[in-house]
Amino acid sequence: MATRTLGRAATALLAPALALGATVGLASAPASAAVWSSCDQWGNTSLNGYTLYNNIWGSGAGGQCVWANSGTNWGVWADHPNTGGIKAYPNAKKVINKSITSLGSLSSSYNVTVPASGAYNSSYDIWDTDYDYEIMLWVNKTGAVGPLGTSQGNVTLGGHTWTVYKGDNGANQVFSFVRTSNSSSGTVGILPILKWIKDTKGWFGNETIGDVQFGFEITSSAGGLDFTAENLTVSSS
């Protein structure tokens, strides 16, 4: 079973990654030319208020390329070997920088096309500004993948029913919400989940939410598989 070990290591790599140039030109891009594409390990760009990030961070990774028509319409071609351990988390990020109690709303809509084979999850990765806490929301999963930590039971929040896991990767605490059935599209109320962690469980206090990421956490995709996110939006007030 794959476990998540991203923690501070990968987030710390984002700053130097911003200095890297993107490799443009992608064989697996859609028929209409993408606005941006990169096969660089840390390839990234900003579009329409979102940051797109190739983010190949795990050991034993293969090739991976990301393309984007906009900050909310993008995709990935990945060819990672059929071995254990997370290889990459290509994602789109929206920065919030508001405390939980100052947020009137925080939600996101997703619409993904994912392969039937391989091992991966489609998930939100939400961080506080100090990177002490990581909140993952898995909307679908395929293959031998599983969250870090131990099950805390099921809860219905933000329009979905989840199995909740609580763990620690040595760098930060991780709270994973795994949808009880796979979904390829929908809307998630993120703020009710954060308030439940804060007010009902008391697992953290009034944290300032920094990054809301959505992407594909890929363990294996041998032979090359395509992942697409359409109309992905993050909204807050």
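Coordinates for the structure precede this section.
All figures in this text were calculated on a predicted structure; none of them were measured in a lab. Throughout this document, residue positions are counted from 1 along each chain, in the order its sequence is written. Per-residue local features of the predicted model are confined to residues with pLDDT of at least 70, and side-chain atom pairs are confined, for both listing and counting, to 80 or more; whole-chain, interface and lining totals are unaffected and use all residues. The basis for the side-chain values is all heavy atoms of the structure; hydrogens and waters are excluded.

1. Some remarks on the state of the cysteines
Here is step 1 of the chain: Throughout, a disulfide means two cysteine sulfur atoms within 2.5 Å of one another. What the rule picks out here adds up to one disulfide.
Here is step 2 of the chain: Residue pairing for Cys39: its cysteine sulfur links by disulfide to Cys65, the two sulfurs lying 2.0 Å apart. Its S-S torsion of about 105 degrees marks the bond between Cys39 and Cys65 as right-handed, since a negative value means left-handed. With Cys39 in the loop between strand E1 (36–38) and strand E2 (44–47) and Cys65 in strand E4 (residues 63–70), this residue pair connects regions lying 26 residues apart in the sequence.
Here is step 3 of the chain: Under the scheme applied here, a residue whose accessible area is under 20% of the maximum for its type counts as buried, over 50% as exposed, and between as partly exposed, the area being computed with a 1.4 Å probe on protein chains only. With a relative accessible area of 30%, Cys39 lands in the partly exposed category.
Here is step 4 of the chain: For Cys65, a relative accessible area of 9% translates into the label buried. Each helix is a run of DSSP H or I of at least 4 residues and each strand a run of E of at least 2, with the numbering of both proceeding from the N terminus.

2. A look at the packing of aromatic side chains
Here is step 1 of the chain: Here a pair means two rings of Phe, Tyr or Trp (six-membered ring of Trp) with centres within 6.5 Å. Their orientation is stacked below 30 degrees between planes, edge-to-face above 60, and tilted elsewhere. Throughout the structure, instances matching the rule amount to 16 aromatic pairs.
Here is step 2 of the chain: Measuring from centroid to centroid gives 6.3 Å for Trp42 and Tyr53, while their planes differ by 35 degrees, and the two rings are tilted. Highlighted residues: Trp42 in the loop between E1 and E2 and Tyr53 in strand E3 (residues 50–53), separated in sequence by eleven residues.
Here is step 3 of the chain: In this structure Tyr53 comes out as buried when scored by relative accessible area, which is 6%.
Here is step 4 of the chain: An aromatic cluster of three or more residues is present, and its members are Trp74, Tyr110, Tyr120, Tyr124, Phe214, Phe216 and Phe227.

3. Structural notes on the nonpolar core
Here is step 1 of the chain: The definition of a nonpolar core used throughout is a set of buried Ala, Val, Leu, Ile, Met, Phe, Trp, Tyr and Cys residues joined through side-chain atoms within 4.5 Å. Ranked by size, the top nonpolar core spans 48 residues in total, and within it Trp74, Tyr124, Leu137 and Phe177 carry the most contacts.
Here is step 2 of the chain: Ranked by the residues each element gives to this core, the list is headed by helix H3 (residues 190–201), at six residues.

4. A few points about the side chain of Thr142
Here is step 1 of the chain: Along the chain, Thr142 turns up in strand E9 (residues 133–142).
Here is step 2 of the chain: The criterion used for residue contact is that any of the two residues' heavy atoms lie within 4.5 Å. Apart from the residues lying within four places of it in its own chain, the contact partners of Thr142 are Pro115, Ala116, Ser117, Gly118, Ala119 and Tyr120.

5. Re unusual backbone geometry
Among all residues except glycine, the phi angle is most often negative; among peptide bonds, the trans geometry is most common.
Here is step 1 of the chain: In this structure, Asn97 takes a positive phi of about 55 degrees despite not being glycine.
Here is step 2 of the chain: For Asn97, the location among the structural elements is in strand E6 (residues 91–99).
Here is step 3 of the chain: Although it is not a glycine, Tyr131 sits at a positive phi angle of roughly 55 degrees.
Here is step 4 of the chain: Note on placement: Tyr131 falls in the loop between strand E8 (119–128) and E9.
Here is step 5 of the chain: Look at Tyr131 and you get partly exposed, because its relative accessible area is 23%.

Any functional reading would require information beyond the geometric quantities listed.
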